[in-house]
Amino acid sequence: GSDLSFEELEHQRFEHFELRRLPDATEGGVPCAVIEAVPQRDSQYGRLVAWIDRARTAVARVDFYRGSDAEPSKRLRVALGDAVEEAGFLRVQHMRIEQIGREAWTEVETSRMEIDPGISAEAFSASLLEREGEDLFALVGRHGARGDEP
């Protein structure tokens, strides 16, 4: 199994949170702005606390709190030291999400990534994405780039 849930990895819109700036701190020796985010819609978490690398404007760490718990239940750490800037995007190669209080974690390694490859909307249809064992790059190759007929 995985220690990750979809909510932890999906792109979050700041408009869906009540945000509060906390005192700056360091994460892995990197100066960070620290932001508390309280969801304003359904969430499995009562709040998140994010450490944002001030120089790169990149997430270095996120603590996930259930309900009103004082301690986080999960912690996401992003290895920014080996991240590479490419075409105006920061390509992260390693992340780790830990279950706090348990000896459990999931390592996420990015081995292949393309920036803005021009994927057609068809490649993201439910029927194609539900196929088990499907390689996303092969799937996109078979179903064409934007504007191509699948």
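Each chain carries its own residue numbering, running from 1 in the written order of its sequence. Owing to the predicted nature of the model, reporting of local features is limited to residues with pLDDT of at least 70; listing and counting of side-chain atom pairs is limited to 80 or more, with chain, interface and lining totals taken over all residues. Note that water and hydrogens are dropped before the side-chain values are worked out from all heavy atoms of the structure.

Turning to the environment of lysine 74, a few remarks are in order. With respect to the helices and strands, lysine 74 occurs in strand β5 (residues 74-78). Burial classes: relative accessible area under 20% of the type maximum marks a residue as buried, over 50% as exposed, and values in between as partly exposed (1.4 Å probe, protein chains only). Judged by its relative accessible area of 6%, lysine 74 falls in the buried class. The spacing of lysine 74 and glutamate 98 is 24 residues in sequence and 5.4 Å in space, taken between C-alpha atoms. Beyond its immediate sequence surroundings of up to four residues, lysine 74 is in contact with Asp3, Ser5, Glu8, Tyr45, Val62, Asp63, Phe64, Ile97, Glu98, Gln99 and Ile100. The helix count covers DSSP runs of H or I at least four residues long, the strand count covers runs of E at least two residues long, and both are numbered beginning at the N terminus. Every residue pair with non-hydrogen atoms within 4.5 Å of one another is taken to be in contact.

On to the environment of alanine 50. Within the secondary structure, alanine 50 is located in strand β3 (residues 47-53). Sequence separation between alanine 50 and isoleucine 35 is 15 residues, and the spatial gap between their C-alpha atoms is 5.2 Å. Aside from chain neighbours lying at most four places away, what touches alanine 50 is Ala33, Val34, Ile35, Arg61 and Val62.

Here we come to the sheet that holds strand β8 (residues 94-99). Two modes of strand pairing occur in sheets, parallel and antiparallel, and in both the strands are linked by backbone hydrogen bonds. Two strands pair under a simple rule: DSSP has to find at least two bridges between them. The strand order across the open sheet built from seven strands is β1-β2-β3-β4-β5-β8-β9, with neighbouring strands paired in antiparallel fashion. Looking at the sheet topology across the chains shown, the edges are occupied by β1 (17-27) and β9 (104-109). The sheet shows a mean angle of 15 degrees between the axes of neighbouring strands, direction not considered. Note on method: axes are straight lines fitted to C-alpha atoms, helices fitted across the in-contact stretch only, with angles between N-to-C directions ranging 0 to 180 degrees.

For the rest of this paragraph, the subject is the environment of isoleucine 119. Residue position: isoleucine 119 is located in the loop between β9 and α2 (126-129). By relative accessible area, which is 23% here, isoleucine 119 ends up partly exposed.

Here we come to the nonpolar core. The set of buried Ala, Val, Leu, Ile, Met, Phe, Trp, Tyr and Cys residues whose side-chain atoms join them within 4.5 Å is what this entry labels a nonpolar core. Within the largest apolar cluster, 22 residues are counted, with the highest numbers of intra-cluster contacts made by Leu48, Val49, Val62, Phe64, Leu76 and Val78. Contributing elements (two or more residues each) for this core: β1, β2 (30-39), β3, β4 (58-65), β5 and β8. With five residues, the single largest contributor to this core is β4. Each residue touching phenylalanine 64, except ones within four places of it in the same chain, is listed here: Glu8, Tyr45, Arg47, Leu48, Pro72, Ser73, Lys74, Arg75, Leu76 and Ile97.

All right, on to the pattern of salt bridges then. Salt bridges are identified by distance alone: a Lys or Arg side-chain nitrogen within 4 Å of an Asp or Glu carboxyl oxygen. A complete count under the given rule lists 12 salt bridges for this structure. Close ionic contact of arginine 77 with glutamate 27 constitutes a salt bridge, the shortest N to O distance being 2.4 Å. Here glutamate 27 lies in strand β1 and arginine 77 lies in strand β5, a separation of 50 residues in the sequence. Classification of arginine 77 as partly exposed rests on a relative accessible area of 29%. Exposure remark for glutamate 27: the relative accessible area of 11% places this residue in the buried category. Measuring nitrogen to oxygen at the nearest pair gives 3.1 Å for the salt bridge that ties glutamate 86 to arginine 91. Exposure remark for glutamate 86: the relative accessible area of 28% places this residue in the partly exposed category. Connected through shared salt-bridge partners, Glu27, Arg61, Asp63, Arg75, Arg77, Arg96, Glu98 and Glu107 make up one network.

With that settled, the discussion passes to the pairing of β9. As judged from the six bridges shared by β8 and β9, these two strands associate in the antiparallel manner. The residue of β9 that forms the bridge with methionine 95 is valine 108. Taking the residues that link successive antiparallel strands as the turn, the β8-β9 hairpin has four residues, and the phi of glycine 101 there is positive, at about 85 degrees.

Aromatic rings from Phe, Tyr and Trp, taking only the six-membered ring of Trp, are treated as a pair when their centres fall within 6.5 Å; an angle between ring planes under 30 degrees marks them as stacked, one over 60 as edge-to-face, and anything in between as tilted. Counted by the stated rule, this structure contains one aromatic pair. Pairing tyrosine 45 with phenylalanine 64 gives two aromatic rings, centres 5.0 Å apart and planes at 45 degrees, and the pair type is tilted. One end of the pair, tyrosine 45, is in the loop between β2 and β3; the other, phenylalanine 64, is in strand β4, with 19 residues separating them in the sequence. Taken individually, tyrosine 45 and phenylalanine 64 each receive the classification buried, so the pair is uniform in this respect.

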